[in-house]
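Coordinates in review
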Amino acid sequence: MITTSVCIIGAGPGGATAALQLDRLGIPCVIVDKAVFPRDKVCGDGLSGKVITGLEKIDKGIAERLRQFVEKENSWGVTFVSPGRQSMDVPYRPNYSKTTDAPIGFVCKRIHFDNFMVDELKRCENIRLFEGVSIDKYVQEEDGYLVSDAAGTLVVKAQLLIVANGAHSSFTREVAGIRMEPKYYAAGIRAYYKGVKGMHADSFIELHFLKNLLPGYLWIFPLPDGEANVGMDMLSDAVRDRKINLKTLLTDTLKQDPIFAERFRDAEMTSSLDGYGLPLGSKKRQLSGNRYMLVGDAAFLIDPFTGEGIGNAVYTGTIAAKQAATCLSANDFSAGTLAAYDESVYRVLGPELKLSYKLQQLVKYPKLFNWLMKMGMKNKQLRDVISSMFYEVDLRKKLTRPSFYFKLLFNR
Ligand SMILES: Cc1cc2nc3c(=O)[nH]c(=O)nc-3n(C[C@H](O)[C@H](O)[C@H](O)COP(=O)(O)OP(=O)(O)OC[C@H]3O[C@@H](n4cnc5c(N)ncnc54)[C@H](O)[C@@H]3O)c2cc1C
């Protein structure tokens, strides 16, 4: 049996970040993943500015190594396409310069990005990483949690658990009592393609809000070597109620829609077409309890509008590690003390998630969406504000006030 102060379950972006933050705080930990890295994870592979900013706060060296990482594509913005097929380019920074500004958005296949993070873990003496072990048993004892795989080959006794084992976490379901609710959950699929025409010269990611997918969208994200990550997501209740087969819908749309048909005419699918769940942060949930904290997808924190979850996994991983440090120094792992983790997470992510949920509700109406896009296309100030949102956190706060939109749209 291995004893440790903190055991992290899952070495995806959330768990790996928690381990790195603990290491930098001088706290040893054990981290266990059922996969052996490099491993794939179904995802759009879009890394927003939150990821690099989050890593930079832990250690500038990690952020710098990610900037130098060759397996990723630097992306300078987003192209939004409305149901009426009007498109609006929104750079991550207004008036960016590719020569003088550091890129803040990336697209990187998860097989590479997650392995980059695991390589960072392997550099740290404080971190003991176990790969290829699925943690399936959790027993709470008076002085800690006893966790192990089904066969009991690896048994870890920890004072505190950081649970970061993703969207299908049994701990989340069985211990934390958080259930999948189809209206607050999305289904997503993706495949890799080569030879898609009409990609943006500065590798903007594309979000196509097609009428039949709302509030979900079809995405095309540029990757190195002329590849692209192409996928679709949709709310799980819509998939169920409309009896939709997302895989057929994606391949049919790429063939039958005149715009995509032209762009994909000579394109080739270079992977299988795979799906996975997106636990959305559309409502507030309890993220901690006696001796545990949930992180990333295990905490249901994916942005309900953008589908982005890696940034929030990195953010919660960091906060969980800092909370672990506080608990260890006070030798207090009670649910009451750990509630401070929920407070820290929701203080920052709460307003964003609320706003995104409101936007998700708004974009269900194609006419309203088309109108907003028309306003955006005419209004440079609005486009600049959306740009600034990507790197100025304070602006996001303003976005929760209705008066802000009113002024922006009508004071031109
Ligand atoms: C189709 C799709 C597209 C998406 N596109 C984007 C995007 O473009 N940008 C973005 O930011 N987000 C995107 N997301 C969301 C993003 O993939 C997740 O939010 C992100 O992976 C969360 O990281 P995590 O570390 O919490 O969980 P994960 O990345 O799921 O990692 C969990 C880890 O836990 C391990 N594990 C699972 N069970 C056990 C166990 N029992 N024992 C030990 N280990 C275990 C797994 O092997 C895995 O390594 C998308 C999701 C989907 C489904």
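Located above this text is the structure these notes cover.
Heads up: these notes are all about the structure in this document.

The rules behind the values
- Counting from 1, residues in each chain are numbered in the order their sequence is written.
- Thresholds applied to this predicted model are a pLDDT of at least 70 for local features of residues and 80 or more for the giving and counting of side-chain atom pairs; totals over whole chains, interfaces and linings are not thresholded and use all residues.
- Hydrogen atoms and water are omitted, and side-chain values are computed over all heavy atoms in the structure.
- Each helix is a run of H or I in the DSSP string that is no shorter than four residues. Each strand is a run of E no shorter than two, and both are numbered from the N terminus.
- The globule rule is 2.2 Å times the number of residues to the power 0.38, and the radius of gyration it is compared with is taken over C-alpha atoms.
- We call a residue buried when its accessible area falls under 20% of the maximum for its residue type, exposed when it is over 50%, and partly exposed in between, using a 1.4 Å probe and counting protein chains only.
- We call two residues in contact when some of their heavy atoms are within 4.5 Å.
- Charge assignment: positive for Lys and Arg, negative for Asp and Glu; neither His nor the chain ends contribute.
- To locate a charge, take atom NZ for lysine, CZ for arginine, CG for aspartate or CD for glutamate.
- Two rings from Phe, Tyr or Trp (for Trp, the six-membered ring) form a pair when their centres are within 6.5 Å of each other. A pair whose planes differ by under 30 degrees is stacked, one over 60 is edge-to-face, and the rest are tilted.
- Expected helix span is taken as 1.5 Å per residue step, with the number of steps being one fewer than the number of residues.
- Salt bridge, as used here: a side-chain nitrogen of Lys or Arg that lies within 4 Å of a carboxyl oxygen of Asp or Glu.
- Buried Ala, Val, Leu, Ile, Met, Phe, Trp, Tyr and Cys residues that are joined via side-chain atoms within 4.5 Å together make up what is termed a nonpolar core.
- Throughout, near means a residue has at least one heavy atom within 4 Å of the molecule or strand.
- Here a polar contact means two N or O atoms within 3.5 Å. Within protein one must be a hydrogen donor candidate and the other an acceptor candidate, and residues neighboring in sequence count only if both atoms are side-chain atoms.
- Per-residue accessibility takes into account occlusion by the displayed protein chains alone, with areas from the Shrake-Rupley method and a 1.4 Å probe.
- Basically, the charged four are Asp, Glu, Lys and Arg, the nonpolar ten are Ala, Val, Leu, Ile, Met, Phe, Trp, Tyr, Cys and Pro, and anything else, Gly included, counts as polar.
- Pairing between strands requires that DSSP locate at least two bridges from one strand to the other.

Digging into the overall build of the protein
Per the secondary structure count, the protein includes 14 helices and 19 strands. Relative to its length of 412 residues, the protein is compact, with a C-alpha radius of gyration of 21 Å against a globular reference of 22 Å. With the C-alpha coordinates of the protein rotated into their principal frame, the extents come out at 60 × 50 × 45 Å. Here the protein holds 412 residues, and the buried ones make up 56% of them. When contacts within the protein are restricted to residue pairs at least 6 apart in sequence, those whose partners lie at least 24 apart make up 72%. Where the 54 positive side-chain charges of the protein centre and where its 46 negative ones centre are 7 Å apart.

Details of the packing of aromatic side chains
Summed over the entire model, instances satisfying the criterion amount to 15 aromatic pairs. Ring centres 6.5 Å apart and planes at 15° place the aromatic pair F113 and F116 in the stacked group. Residue F113 and its partner F116 are located together in helix α4 (residues 110–122), separated by three residues, close to a single helical turn. Side by side, F113 and F116 carry an identical accessibility label, which is buried. Members of the aromatic cluster, connected to one another through ring pairs, are F209, Y217, W219, F221 and F305.

Notes on helix α1 (residues 13–24)
Between its first and last C-alpha, α1 extends 16 Å over 12 residues, near the 16 Å set by a 1.5 Å rise per residue. In terms of residue burial, α1 counts as a mostly covered element, since 11 of its 12 residues are buried. For α1, the full list of buried residues reads P13, G14, G15, A16, T17, A18, A19, L20, Q21, L22 and D23. Taken from the residues just after α1, G26 is the one with a positive phi, measuring 80°.

Let's talk about the pattern of salt bridges
Taken as a whole and assessed by the stated rule, the structure comprises 24 salt bridges. With a closest N to O distance of 3.0 Å, R240 and D241 form a salt bridge. Here the two residues R240 and D241 agree in accessibility, since each one is exposed. A single salt-bridge network, built from bridges that share partners, covers K197, E262, R265 and D266.

Some remarks on the nonpolar core
Formed by 77 residues in total, the largest nonpolar core has its most connected members in C7, I8, L22, L121, V147, L161 and I162. Residue contributions to this core peak at seven residues, all from helix α9 (residues 310–330). Core analysis: the next-biggest nonpolar cluster, separate from the first, contains 21 residues, V196, I220, V230 and A238 among them.

Concerning the site of the ligand
Around the ligand sit 40 residues, and of these D33, G44, G46, R110 and D297 come closest. Here an oxygen atom of the ligand and a backbone polar atom of G14 are 2.9 Å apart. Taking I135, its main chain carries an N or O atom lying 2.9 Å from a nitrogen atom of the ligand. Protein burial of the ligand: of its 1,000 Å² of free accessible surface, 94% is covered by the chains. Of all the secondary-structure elements, those providing two or more residues to the shell around the ligand are α1, β2 (29–33), β12 (185–194), β14 (217–222), β17 (274–279) and α9. No other element matches the three residues that β17 contributes to the shell around the ligand. Class assignment for the residues of the shell around the ligand results in 18 nonpolar, 13 polar and nine charged.

Examining the sheet that holds strand β3 (residues 46–47)
The three strands lie next to each other as β3-β7-β4, forming an open sheet whose pairing is antiparallel. Strands with a single pairing partner mark the edges of an open sheet, and in this sheet they are β3 and β4 (72–75).

What about unusual backbone geometry?
Most peptide bonds adopt trans geometry, and most residues besides glycine take a negative phi value. Along the chain, F37 connects to P38 via a cis peptide bond; the corresponding omega equals 0°. One can find P38 in the loop between β2 and β3. Note the cis peptide between L214 and P215, where omega equals 0°. Within the fold, P215 resides in the loop between β13 (205–208) and β14. In this structure, R291 takes a positive phi of about 65° despite not being glycine. Residue position: R291 is located in the loop between β18 (288–289) and β19 (292–294). Classification of R291 by relative accessible area gives buried; the value is 12%.

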